[in-house]
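Descriptive analysis of the structure
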Amino acid sequence: MSLRQLLDLTGRTAIVTGGSRGLGLQIAEGLGEMGAEVLLTARKADELEQAVAHLSAMGIKASAIPGDMGKPESVAAFVDAALERLGHADILVNNAGANWAAPMEDYPFDAWMKLLNVNLTGVFLLTQAIGKRSMIPRRRGKVLNVASIAGLRGNRPDEGEMIGYNTTKGALVNFTRTLAAEWGEHDINVNALAPGFFETKMTRGLLAQKGSALTAHAPLGRLGDAEDLKGPAVLLCSDAGKHVTGQVLAVDGGVMAA
């Protein structure tokens, strides 16, 4: 089989959480450009409509179902609706995430619980349901979790105070490794991307204050752009990556290597 065929996602279905903007939308673009039908979810219906229009203008078959991955009842309702629409899920991209910056000694409990629910519990519930109802019975599937380099290390003083975010992303890294070992017998690949600093709505405030310093720490001397996650995502969600599982790929301009 040629490399082009291995990377081809024609006929595959992909669910992307947090897909209305930012990194999720970028990944959806990449999967859709390679032929996948893409189903987006996020909390805000208007942003989802704009994202679907954007993807459709690119020639990508796309639709959306609003959902809040931080609420178990919303996850369950979304799974029912998604599988009714798609029939099955070949690819699941767990990208929805939240952040809250505050010193540990003053970190609000409500903020801590919000990050646990969105960044971790929602991933657990959605992946469990899609795996049990679609991927395991069909003995095929690709799960791609969007972690962060913040889950591979602590953070420097100039990066803000993010105990909740870093903790949940670190847990997501080990969730990825553990599930890959458990679901390998079902021919399901489970991997993660660990982005460095990209300009998104979540990072805009930090980058406005400290963008130059953060860029200086990257050996490539730049932040992530609107294309840098597409190739890695397609690799890990296609047959080109069929022998890769349990891996966490840092897409960070070399920050983790420095």
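Structure's up top.
With that settled, consider the packing of helix H4 (residues 72-86) against helix H5 (residues 109-138). The N-to-C vectors of H4 and H5 enclose an angle of 30°; their axes lie 10 Å apart at closest approach. It follows from the interaxial angle that H4 and H5 lie roughly parallel. Pair H4 / H5 crosses with right-handed handedness. Judged by residue contacts, Pro72, Val75, Phe78, Val79, Asp80 and Leu83 of H4 engage Leu125, Leu126, Ala129, Ile130, Arg133 and Ser134 from H5.

Here we have seven strands laid out as an open sheet, ordered E3-E2-E1-E4-E5-E6-E7, and parallel in their pairing. The sheet is open, and its two edges are formed by strand E3 (62-64) and strand E7 (248-251), each paired on a single side. Taken pair by pair, the neighbouring strands of this sheet meet at an average axis angle of 20°, ignoring direction. In the sheet, strand E5 (residues 141-146) pairs with strand E6 (residues 188-195) via six bridges, with the strands oriented parallel. Bridge pairing in E6 links valine 143 to valine 190. Where helix H2 (residues 22-33) meets the sheet, its contacts fall on strand E1 (13-17), strand E2 (37-41), strand E4 (91-94), E5 and E6, and the angle it forms with E1 comes to roughly 170°. Taken strand by strand, H5 contacts E1, E4, E5 and E6, and its axis lies near 180° from that of E4.

Attention now goes to the side chain of histidine 186. Looking at the secondary structure, you find histidine 186 in the loop between helix H6 (163-183) and E6. Judged by relative accessible area, which is 18%, histidine 186 ranks as buried. Discounting residues that sit within four places of it in the chain, histidine 186 has contacts with Ile136, Arg139 and Arg140.

Bringing the pattern of salt bridges into the picture now. Following the criterion strictly, the structure yields twelve salt bridges and no others. The partner of aspartate 80 in a salt bridge is arginine 133, with the nearest N and O atoms 2.7 Å apart. Within this pair, whereas aspartate 80 is found in helix H4, its partner arginine 133 is found in helix H5, the two being separated by 53 residues in sequence. Taking relative accessible area as the criterion, aspartate 80 reaches 43% and is therefore assigned partly exposed. Accessibility expressed as a relative area gives 45% for arginine 133, which makes it partly exposed. With a closest N to O distance of 2.9 Å, arginine 222 and aspartate 228 form a salt bridge. Judged by relative accessible area, which is 21%, aspartate 228 ranks as partly exposed.

Cut-offs and rules
- Residues numbered from 1 in each chain as written.
- Predicted model: local features only at pLDDT ≥ 70, side-chain atom pairs only at ≥ 80, totals over all residues.
- Heavy atoms only, no water.
- Axes fitted to C-alpha atoms, helices over the stretch in contact; angles between N-to-C directions.
- Helix = DSSP H or I, 4+ residues; strand = E, 2+ residues; numbered from the N terminus.
- Parallel < 35°, antiparallel > 145°, perpendicular 65-115°, else oblique.
- Left-handed = near helix turned anticlockwise from the far one by under 90°.
- Contact = heavy atoms within 4.5 Å.
- Pairing = 2+ DSSP bridges.
- Buried < 20%, exposed > 50% of the residue type's maximum accessible area, 1.4 Å probe, protein only.
- Salt bridge = Lys/Arg side-chain N within 4 Å of Asp/Glu carboxyl O.

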